[in-house]
Amino acid sequence: MHDGIHVEKAGLPSATICTDRFIPTAQGMARMWGAEDYPTIFTQHPIENLDRPALRERAEGLATEVAAILTGG
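What counts, and at which threshold
Residues numbered from 1 in each chain as written. Predicted model: local features only at pLDDT ≥ 70, side-chain atom pairs only at ≥ 80, totals over all residues. Heavy atoms only, no water. Helix = DSSP H or I, 4+ residues; strand = E, 2+ residues; numbered from the N terminus. Polar contact = N/O pair within 3.5 Å; in protein donor to acceptor, adjacent residues only side chain to side chain. Contact = heavy atoms within 4.5 Å. Salt bridge = Lys/Arg side-chain N within 4 Å of Asp/Glu carboxyl O. Buried < 20%, exposed > 50% of the residue type's maximum accessible area, 1.4 Å probe, protein only. Pairing = 2+ DSSP bridges. Right-handed = clockwise from strand over helix to strand, strands pointing away. Core = buried A, V, L, I, M, F, W, Y, C linked by side-chain atoms within 4.5 Å.

Participant: Honestly, the side chain of Thr 19 in this entry has me stumped. Any pointers?
Facilitator: Structurally, Thr 19 can be placed in strand β1 (residues 16-19). Within the structure, Thr 19 has its side chain in polar contact with the side chain of His 45 (distance 2.8 Å). Those residues in contact with Thr 19 that lie beyond four places of it in its chain are Phe 42, Thr 43, Gln 44, His 45 and Ile 47.

What follows is the structure in structure tokens.
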């Protein structure tokens, strides 16, 4: 969250992905940095136990949302 918000404030589009366990933390960080409307993508927790093919599948499922955030679409 911190990095994404600061990159965005510097004028570079960013997309932050967090697992859903961190929704309250992400929202709190956004409020703390004055970026309440910062778009954050949430995916199901956990991801650390996913093997490479499963993680790739998860990432591919988020790609459209990432692209939309990065392009303002």
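Resuming the write-up.
Participant: Is there a simple way to explain the pattern of salt bridges in this structure?
Facilitator: Two side chains of opposite charge can pair, provided their charged atoms sit close to one another. Inspection of the entire model under this criterion finds one salt bridge. With a closest N to O distance of 3.0 Å, Glu 60 and Arg 56 form a salt bridge. Placement of the pair is Glu 60 and Arg 56 together in helix α3 (residues 52-71), with a separation of four residues, close to one helical turn. On the accessibility criterion, Glu 60 (49% relative accessible area) is partly exposed. Of the residues examined, Arg 56 reaches a relative accessible area of 56% and is grouped as exposed.

Participant: Got a minute to help me understand unusual backbone geometry in this structure?
Facilitator: Negative phi is the rule for most residues except glycine; trans is the rule for most peptide bonds. Across the junction of His 45 and Pro 46, the peptide omega takes the value -5 degrees, indicating a cis bond. Inspection of the secondary structure assignment puts Pro 46 in the loop between β2 (40-43) and α3.

Participant: Could you clarify how one ought to interpret the pairing of β1 in this entry?
Facilitator: Each regular strand shows side chains that alternate between the opposite faces of the sheet. Where β1 and β2 come together, four bridges link them in parallel fashion. Paired with Ile 17 across the two strands is Ile 41, which belongs to β2. Following the chain from β1 across helix α2 (residues 23-32) to the adjacent parallel β2, one finds a crossover that is right-handed.

Participant: Looking at this model, I keep getting lost on the nonpolar core. Mind explaining?
Facilitator: When a protein is soluble and globular, its nonpolar side chains tend to lie buried together. Counting residues in hydrophobic clusters, the biggest one holds seven residues: Met 1, Ile 5, Cys 18, Ala 26, Ala 30, Ala 35 and Tyr 38. In this structure, Cys 18 is in contact with Met 1, Thr 40, Ile 41, Phe 42 and Thr 43, ignoring residues within four places of it in sequence.

Participant: It is not clear to me how the environment of Ala 68 should be interpreted in this structure. Could you clarify?
Facilitator: Tracing the backbone shows Ala 68 in helix α3. The exposure class of Ala 68 is partly exposed, given its relative accessible area of 27%. The sequence separation of Ala 68 and Ala 15 amounts to 53 residues, and the corresponding C-alpha distance is 9.3 Å.

The values reported here are purely geometric and, on their own, carry no functional implication.
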